[in-house]
Amino acid sequence: MPPLPDSPPMPPLRIDSAELRLVRLPLLTPFTISTGTMYDKVFPLLILRSGGLEGYGEGVMDPQPDYLDETIPSAMALLREAILPQITGQAFENPQALERVMTHWRGHQMTRALVETAFWDLWAKSLNLPLGRLLGGAGDQIEVGVSLGIGPVEETLDRVRAHHEQGYKRIKLKVMPGHDLALLRAVRAAFPDIHLSVDANSCYTLADSAMLRQMDGFGLDYIEQPLAWDDIHDHAVLQSRLATPLCLDESIRSVADARKALQTDATRVVNIKLGRVGGHLEARRIHDLCAAFEVPVWCGGMLESGIGRAQNIHMSTLPNFRKPGDTSSASRYFARDITVEKLEASGGLMPVPPGPGIGVHLDWAFLNDVTLGTDSFAP
Ligand code: OSB
Ligand code: MG
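First things first, this report covers the structure right here in the doc. Along each chain, the written sequence defines residue order, and numbers are assigned to residues from 1. Labels are handed out in written order, letters beginning with A for the chains and numbers beginning with 1 for the ligands. The predicted nature of this model means local features are confined to residues of pLDDT at least 70 and side-chain atom pairs, given and counted, to a pLDDT of 80 or more, with totals for whole chains, interfaces and linings taken over all residues. Hydrogen atoms and water are omitted, and side-chain values are computed over all heavy atoms in the structure.

A run of H or I in DSSP becomes a helix once it reaches four residues, and a run of E becomes a strand once it reaches two; helices and strands are each numbered from the N terminus. For the protein, the count of helices and strands is 13 helices and 15 strands. Here the globule rule is a power law, 2.2 Å times the number of residues to the power 0.38, and the radius of gyration is based on C-alpha atoms. Against the 2.2 N^0.38 benchmark of 21 Å for 379 residues, the protein shows a C-alpha radius of gyration of 20 Å, consistent with a compact globule. Along the first, second and third principal axes, the C-alpha atoms of the protein reach 60 × 45 × 40 Å. Exposed residues in this analysis have more than 50% of their type's maximum accessible area, buried residues have under 20%, and partly exposed residues fall in between, with area computed by a 1.4 Å probe over protein chains only. In the protein, which comprises 379 residues, the proportion classed as buried is 60%. For the protein, the exposed surface amounts to about 14,600 Å²; the carbon and sulfur share of it is 53%. Residues counted as positive are Lys and Arg, residues counted as negative are Asp and Glu, and His and the chain ends are not counted. Think of each charge as sitting on NZ of Lys, CZ of Arg, CG of Asp or CD of Glu. Counting 35 positive and 46 negative side-chain charges, the protein places the averaged centre of each group 2 Å from the other. Here, Shrake-Rupley sampling with a 1.4 Å probe gives the accessible areas, and only protein chains in the shown set may cover a residue.

Dropping the structure here:
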């Protein structure tokens with residue numbers, strides 16, 4: 001049995017230095033959701049060093065506050081001016097000790113997750129354990145689906161067919177006003193039996209209840225985040241009007257949010273994203289609370305590079321990840337990834353990268369080519 005995260009006491013792990021890079025990877029296909037279109041993926045990459053070991057984390061905030069309110073500029077400033085100077089040179093017994101240093105700050109979950117997840121990778125490597133095992137997960141593969149951006153109906157039908165044929169276990173369609181019921185009618189007519197869901201990224205209001213109720217006719221697994229990004233209450237009202245389960249994404253940024261949503265039946269499935277909730281510890285608390293409510297969870301995605309993708313895959317080995325996640329093949333997004341290991345699903349199953357920590361290594365030469373800037377921190 002691997003040691004449990006909280007016991008027995010370990011020698012503390014000192015963060016000798018930190019390297020913060022801003023990285024840009026072009027997307028193979030632009031990704032459109034109700035809030036806008038992404039043409040490339042820009043993200044902060046954090047490397048924490050201890051002895052000869054390195055831990056890697058990826059930030060999922062957008063350049064502008066499109067999905068949630070954090071942004072890359074706000075994250076970089078907080079990391080440079082407060083978090084990284086404060087933690088380099090310090091030793092932490094476990095991720096809980098690091099979390100305690102950051103919890104007094106309000107919000108900024110994605111920024112905190114970047115640091116926390118990099119430390120988990122480092123800590124797991126120091127214990128010579130795969131991250132998933134250390135988190136309490138099991139198994140060497142996870143079930144995955146895909147998230148398809150907004151596009152012409154005919155093109156979407158082709159993409160549904162291609163991904164269904166590749167074995168993806170669930171197809172999620174992005175929707176927005178004017179691109180919803182007609183799309184569903186066309187996809188359901190062509191694919192009557194596939195696991196299908198929709199994600200609105202907060203583009204509807206309760207005034208759309210009647211339209212959303214028509215979605216009950218399409219046998220969806222769930223409707224993801226139909227209403228405001230910072231709402232829970234109206235989702236409970238909407239759920240009382242629908243048969244289709246609602247799945248909250250944006251609205252769940254802490255275990256306290258999850259509790260309120262679960263207690264009021266505002267969500268019957270939960271999308272967990274490491275960045276949105278502040279890292280693995282809070283993700284696991286949400287995972288456990290959902291399990292207690294017998295509510296399944298699944299792992300969302302933010303078009304991550306191999307670093308964030310590997311972090312997601314390890315988290316998805318926890319037992320209540322009972323629905324396919326969005327952690328699909330990296331080759332769907334990028335011509336080339338920054339990791340040596342290629343994270344590719346086959347038949348809707350994504351292998352868990354073996355080895356200590358997140359199990360993937362940086363392709364330094366390519367990383368240098370796609371790095372926009374680097375900051376180094378040492379005590
Ligand atoms: O709502 O899940 C979302 C991408 C960017 C912002 C928000 C979301 C998404 C996705 C993409 O759905 C999932 C992926 O393929 O990584
Ligand atoms: Mg979503």
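From this point, the narrative continues.
This paragraph deals with helix H8 (residues 233-241). Of the residues making up H8, those classed as buried are His235, Ala236, Leu238 and Gln239. Angular distribution of buried residues about the axis of H8 spans 165°; they occupy a single face of the element. Exposed side chains of H8 directed beyond 90 degrees from the buried face belong to His233 and Ser240. Any pair of residues with heavy atoms lying within 4.5 Å of one another is described as a contacting pair. In the core, the buried residues of H8 are packed alongside helix H7 (209-214) and strand S11 (246-248). Comment: arc refers to directions from the helix axis out to C-beta atoms.

Strands qualify as paired when DSSP identifies two bridges or more between them. What the seven strands build is an open sheet, ordered S7-S8-S9-S10-S11-S12-S13; its pairing is parallel. The open sheet has two free edges, formed respectively by strand S7 (146-148) and strand S13 (297-299), since each of these has just one partner strand. Pairing analysis gives three bridges linking strand S12 (residues 269-272) to S13, with the strands arranged parallel. Across the sheet, residue Val270 finds its bridge partner in S13, namely Val297.

Let's shift gears to the nonpolar core. Nonpolar cores were defined as sets of buried Ala, Val, Leu, Ile, Met, Phe, Trp, Tyr and Cys residues, with membership established by side-chain atoms within 4.5 Å. Grouped together as the largest cluster of nonpolar side chains are 119 residues, with contacts concentrated most on Leu46, Phe119, Leu173, Met215 and Ile338. Domain extents, as shown, originate in an automatic or database domain assignment. Mapped onto the domain boundaries, this core takes at least three residues apiece from domain 1 (13-128 + 362-377) and domain 2 (134-351). Ignoring sequence-local partners within four residues, the contact set of Leu173 consists of Leu148, Thr156, Val160, Leu183, Leu184, Val187, Leu196, Ser197, Val198 and Asp199.

Tracing the chain through its elements places Arg188 in helix H6 (residues 181-190). For Arg188, the side chain forms a polar contact with the main-chain oxygen of Phe191, separated by 3.0 Å. For Arg188, the residues in contact, after removing those within four places along its chain, are Asp193, Ile194, Leu196, Phe218 and Gly219. Here a polar contact is taken to be a pair of N or O atoms separated by no more than 3.5 Å, where protein atoms must pair a possible hydrogen donor with a possible acceptor and residues adjacent in sequence count only if both atoms sit in side chains.

Next up on the list: the site of ligand 1. Proximity is defined per residue: if any heavy atom of the residue lies within 4 Å of a molecule or strand, that residue is considered near it. If you check the shell around ligand 1, you find 16 residues, and the closest are Ser147, Asp199, Asn201, Leu303 and Tyr333. With the chains in place, 99% of the 390 Å² that ligand 1 exposes on its own is no longer accessible. The way it works is a 1 Å grid over only the protein atoms, where trapped points that fit a 1.4 Å probe form a cavity and open points with protein on both sides within 12 Å along at least five of seven lines form a pocket, and then any residue with an atom within 4 Å of a point lines it. More than half of a molecule's atoms lying within 2 Å of a cavity's or pocket's grid points is what places that molecule inside it. More than half of the atoms of ligand 1 fall within 2 Å of the grid points belonging to the largest pocket. Mapped by element, the contributors of at least two residues to the shell around ligand 1 are strand S2 (17-33) and strand S8 (171-174). For the shell around ligand 1, the residue count by class is six nonpolar, three polar and seven charged. When residues are assigned to domains, the shell around ligand 1 turns out to be shared by domain 1 (13-128 + 362-377) and domain 2 (134-351), each giving three or more. In this classification, Asp, Glu, Lys and Arg are treated as charged, Ala, Val, Leu, Ile, Met, Phe, Trp, Tyr, Cys and Pro as nonpolar, and every other residue, Gly included, as polar.

Metal coordination here is assigned from N, O and S atoms located within 2.8 Å of the ion, or within 3.2 Å for Na, K and Ca; omission of water means that sites may look incomplete. All of the protein donors around the magnesium ion (ligand 2) are Asp199 (OD), Glu224 (OE) and Asp249 (OD); their distances to the metal are 2.1 to 2.2 Å. Every donor residue of the magnesium ion (ligand 2) comes from the same chain, spaced as D-x24-E-x24-D. You can see Glu224 sitting in strand S10 (residues 223-224) and its partner Asp249 sitting in the loop between S11 and helix H9 (255-263), a full 25 residues away along the chain. No difference in accessibility class separates Glu224 from Asp249, as the two residues are buried.

This paragraph deals with the environment of Glu70. Here Glu70 lies in the loop between strand S4 (53-58) and helix H1 (72-87). On a C-alpha basis, the gap between Glu70 and Val60 in space is 9.2 Å, while along the polypeptide they are 10 residues apart. Each residue touching Glu70, except ones within four places of it in the same chain, is listed here: Met61, Asp62, Gln64, Pro65, His108, Gln109, Met110 and Thr111. Polar side-chain contacts of Glu70 include one of 2.6 Å to the backbone nitrogen of Met110. At 2.7 Å, the side chain of Glu70 and the side chain of Thr111 are in polar contact.

It is worth spelling out the pairing of S4 at this point. Counting buried positions along S4 yields five of six residues, so the element is predominantly enclosed. Across six bridges, the pairing between strand S3 (residues 36-50) and S4 is antiparallel. Looking at S4, one finds that Leu48 is bridged to Gly55. Hairpin connection between S3 and S4: a loop of two residues separates the two successive antiparallel strands, and Gly51 in this loop has a positive phi of roughly 55°.

Before going further, it helps to spend a moment on the pairing of S12. In S12, alternate side chains face the same way, and those of Val269 and Asn271 on one face and Val270 and Ile272 on the other are all buried. Read as a crossover between parallel neighbours, the route from S11 over H9 to S12 is right-handed. Seen with its strands pointing away from the viewer, a crossover is right-handed if its path from the first strand over the helix to the second goes clockwise.

Here, a disulfide means two cysteine sulfur atoms that sit within 2.5 Å of each other. Following the criterion strictly, the structure yields zero disulfides and no others. Distance from the sulfur of Cys290, which forms no disulfide, to the nearest cysteine sulfur (Cys247) is 9.4 Å. Accessibility expressed as a relative area gives 0% for Cys290, which makes it buried. Here Cys299 stays free of any disulfide, with the sulfur of Cys247 as its closest cysteine sulfur at 12 Å.

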